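A closer look at the structure
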Amino acid sequence: KSLTTFFESIGYKVASEAPALLSFSGPENILLEFILADSSSFSTVLFDNSCSEEFFEAFKEQMAGKQYQVAETEEQLFERAGMQFIPVPMREKKETIARAINNEIPVLIETTDIKGLVHSHSTWSDGSDSIETMAKAAISMGLEYLVISDHSKSAFYANGLQEDRLIKQHEEIDALNKKLAPFKIFKSIESDILNDGSLDYPDEVLARFDLVIASVHSNLKMTLEKAMNRVLTAIANPYTTILGHPTGRLLLSRPGYPLDYPAIIEACAKNKVAIELNAHPRRLDLDWRWIDLALAHNVLISIDPDSHAADAFGDIKYGVLAAQKAGVSAKHNLSSYSLKEFEAFIKK
């Protein structure tokens, strides 16, 4: 009754009412559903509604012959099934059941494991804050480093950096690193992958950066063959450190170009290239469903905010949530490296 009274007071109406379900529809055409349970059934009802159908069916098969419906805690459910507890984010793929039986469920990454911000844009290209403003915001978050990776010269629409402006930007970063030490700003670039797969600076310019993020931004309508040739060539470039938002997708508006994911992951493993999990909520690219394959090939994931302003640093949480679904631990993520570890990674 208290739920109904509250929602009716803010303009919602009861859409349906049943012993185990109560739903309300609002003026914005948003349907809110409340699943009801008493204290004795709460844990099992919670479990039933916090996993995919695929996972749920696999779990029930594992539970065959064992008491399921009444459990005091979710942990008790997994204990009865003879497996390690599986956190909610990982209750997606049926294969996770086997991992839990073999006690292979990892400690999942948390936002507190992020030590630095990789992939950020400043006013040098299409960002809205200066490098210093962004660095100070990162410092206030307790972070150890910031990777400035403004757009490269082919991204004329985003005020991409020509070689003469790169020199000036690097001079500014050198001065800020002296001013803000021990915090460190790394010199990077989001270099456009051109139609033939090459990056849009010559090698002598690429060599100036601490790390290079290679991304496709133009001519996104490609066949699988074209996309694969283009991306594989970029991965093989010795200056590519991270493959940025691998499919170029924008959720709810653009599906992204087709890729042979196993072949891309294999190439990244061979060339020691990390794969970005772009944390922008409209990207979340690489899709979490392929990340476990990357981990199996010892490919580093880099959870990056792709920030165009300091107040967008918080987007990193969306990348962490997506990474949790794939079973990512802090050790699998480049932006969880400490400053010392990150410097060693770049040197190597």
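Conventions and cut-offs
Residues numbered from 1 in each chain as written. Predicted model: local features only at pLDDT ≥ 70, side-chain atom pairs only at ≥ 80, totals over all residues. Heavy atoms only, no water. Core = buried A, V, L, I, M, F, W, Y, C linked by side-chain atoms within 4.5 Å. Buried < 20%, exposed > 50% of the residue type's maximum accessible area, 1.4 Å probe, protein only. Pairing = 2+ DSSP bridges. Helix = DSSP H or I, 4+ residues; strand = E, 2+ residues; numbered from the N terminus. Contact = heavy atoms within 4.5 Å. Axes fitted to C-alpha atoms, helices over the stretch in contact; angles between N-to-C directions. Right-handed = clockwise from strand over helix to strand, strands pointing away.

What follows covers the nonpolar core. Membership of the largest hydrophobic core comes to 64 residues, with the highest contact counts inside it found for Ile185, Ile291 and Ile303. Ranked by size, the runner-up nonpolar core spans 18 residues in total, among them Phe47, Phe56, Ala81 and Leu108.

To continue, consider the sheet that holds strand E10 (residues 301–304). Judged by pairing direction, the sheet is parallel, and its 7 strands sit side by side in the order E4-E5-E6-E7-E8-E9-E10 without closing on themselves. Only two strands of the sheet have a single partner each, and these edge strands are strand E4 (116–120) and E10. As judged from the 5 bridges shared by strand E6 (residues 184–192) and strand E7 (residues 211–215), these two strands associate in the parallel manner. Among the inter-strand pairings, Ser188 is bridged to a residue of E7, identified as Leu211. Across the sheet, helix H7 (residues 163–180) touches strand E5 (145–151) and E6, and the angle it forms with E6 is around 155°. Of the strands in this sheet, E4, strand E9 (274–278) and E10 touch helix H12 (residues 316–325), which is tilted by about 145° from E10.

Turning next to the sheet that holds strand E1 (residues 13–18). Spatial strand order, E1-E2-E3: 3 strands in an open sheet with antiparallel pairing. In this open sheet, the two edge strands, each paired with only one partner strand, are E1 and strand E3 (31–35). If you compare each strand with its neighbour and ignore which way they point, the axes differ by 15° on average. Against the sheet, helix H1 (residues 2–9) makes contact with E1, strand E2 (21–25) and E3, and its axis sits at roughly 5° relative to E2, the strand it touches most.

With that settled, consider the pairing of E10. Alternating positions in E10 separate into two faces, Ile301 and Ile303 on one and Ser302 and Asp304 on the other, with burial throughout. Bridge count for E9 against E10 is 4 bridges, and the pairing is parallel. Across the sheet, residue Leu277 finds its bridge partner in E10, namely Ile303. Handedness of the crossover joining E9 and E10 through helix H11 (residues 291–296) is recorded here as right-handed.

What follows concerns the pairing of E7. Along any regular strand, the residues point their side chains to alternate faces of the sheet. In terms of burial, E7 is a largely internal element, 5 of the 5 residues being buried. Of the two faces of E7, both are covered, the one formed by Leu211, Ile213 and Ser215 as well as the one formed by Val212 and Ala214. Handedness of the crossover joining E7 and strand E8 (residues 242–243) through helix H9 (residues 224–236) is recorded here as right-handed.

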